[in-house]
Amino acid sequence: MKQIYHFDQTIPPPLSEAKLRAERERRLLRRSLAIIAVGAILLFAGLACFFLYLVPIAPEFFTVCLFALLLAALGGCAILLACHYERRLL
């Protein structure tokens, strides 16, 4: 692949190798977090469907499981907000 930036020149390039590596790491982190978020949403949707399947069999168990699922979703949202605001402060 042809290099578009020559890092061995005496004139500093508009982008340094460190900046390019940092941008690559940031993009990889964002992509992996998006994949984890989509996986969590699909997991919660699957569990909710399973709990709805349990309604005719055990309504009390459905209520307890749905409450636990809602608590887990709220905890995940709280962690997401805490990480988001912490990152904005840095």
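Residues numbered from 1 in each chain as written. Predicted model: local features only at pLDDT ≥ 70, side-chain atom pairs only at ≥ 80, totals over all residues. Heavy atoms only, no water.

Undergrad: Outline the overall build of the chain, listing residues and values.
TA: Helix and strand counts for the chain stand at 2 helices and 0 strands. When each of the 90 residues of the chain is scored for burial, the buried share is 6%. (Helix = DSSP H or I, 4+ residues; strand = E, 2+ residues; numbered from the N terminus. Buried < 20%, exposed > 50% of the residue type's maximum accessible area, 1.4 Å probe, protein only.)

Undergrad: Describe the packing of aromatic side chains, naming the residues involved and giving the relevant values.
TA: Remark: the centre distance and the inter-plane angle together describe each pair of aromatic rings, the angle taken between the planes. A complete count under the given rule lists 1 aromatic pair for this structure. Between Phe-50 and Phe-51 the ring centres are 6.0 Å apart and the planes differ by 50°, which places this aromatic pair in the tilted class. Judged by its relative accessible area of 9%, Phe-51 falls in the buried class. (Phe/Tyr/Trp six-rings, centres within 6.5 Å; stacked < 30°, edge-to-face > 60°.)

Undergrad: Describe in detail the nonpolar core, supporting the description with residues and values.
TA: Looking at soluble globular proteins, one finds that nonpolar side chains tend to be buried together. In terms of nonpolar packing, the biggest core is built from 5 residues, these being Phe-51, Leu-54, Phe-62, Cys-65 and Leu-69. With 3 residues, helix H2 (residues 59–89) is the largest single contributor of residues to this core. Each residue touching Phe-62, except ones within four places of it in the same chain, is listed here: Phe-51, Leu-52 and Val-55. (Core = buried A, V, L, I, M, F, W, Y, C linked by side-chain atoms within 4.5 Å. Contact = heavy atoms within 4.5 Å.)

Undergrad: Break down the pattern of salt bridges for me, with residues and values.
TA: By the definition in use, this model includes 4 salt bridges. When the shortest N-O distance is used, the salt bridge between Arg-21 and Glu-17 registers 2.9 Å. On the criterion of helical spacing, the pair formed by Arg-21 and Glu-17 is a turn pair, its members being 4 residues apart in helix H1 (residues 17–53). Two residues, Arg-26 and Glu-23, come together in a salt bridge whose shortest N-O distance is 2.6 Å. (Salt bridge = Lys/Arg side-chain N within 4 Å of Asp/Glu carboxyl O.)

Undergrad: Would you mind going over a nonpolar patch on the surface in detail, with residue names and values included?
TA: Taken together, the side chains of Leu-29, Leu-33 and Ile-36 define a hydrophobic patch exposed on the protein surface, amounting to about 310 Å² of accessible area. By the secondary structure assignment, Leu-29 is in helix H1. (Patch = residues over 30% accessible without salt bridge, like charges linked within 9 Å, V, L, I, M, F, W, Y side chains within 5 Å. Areas by Shrake-Rupley, 256 points an atom, 1.4 Å probe, with all protein chains shown as cover.)

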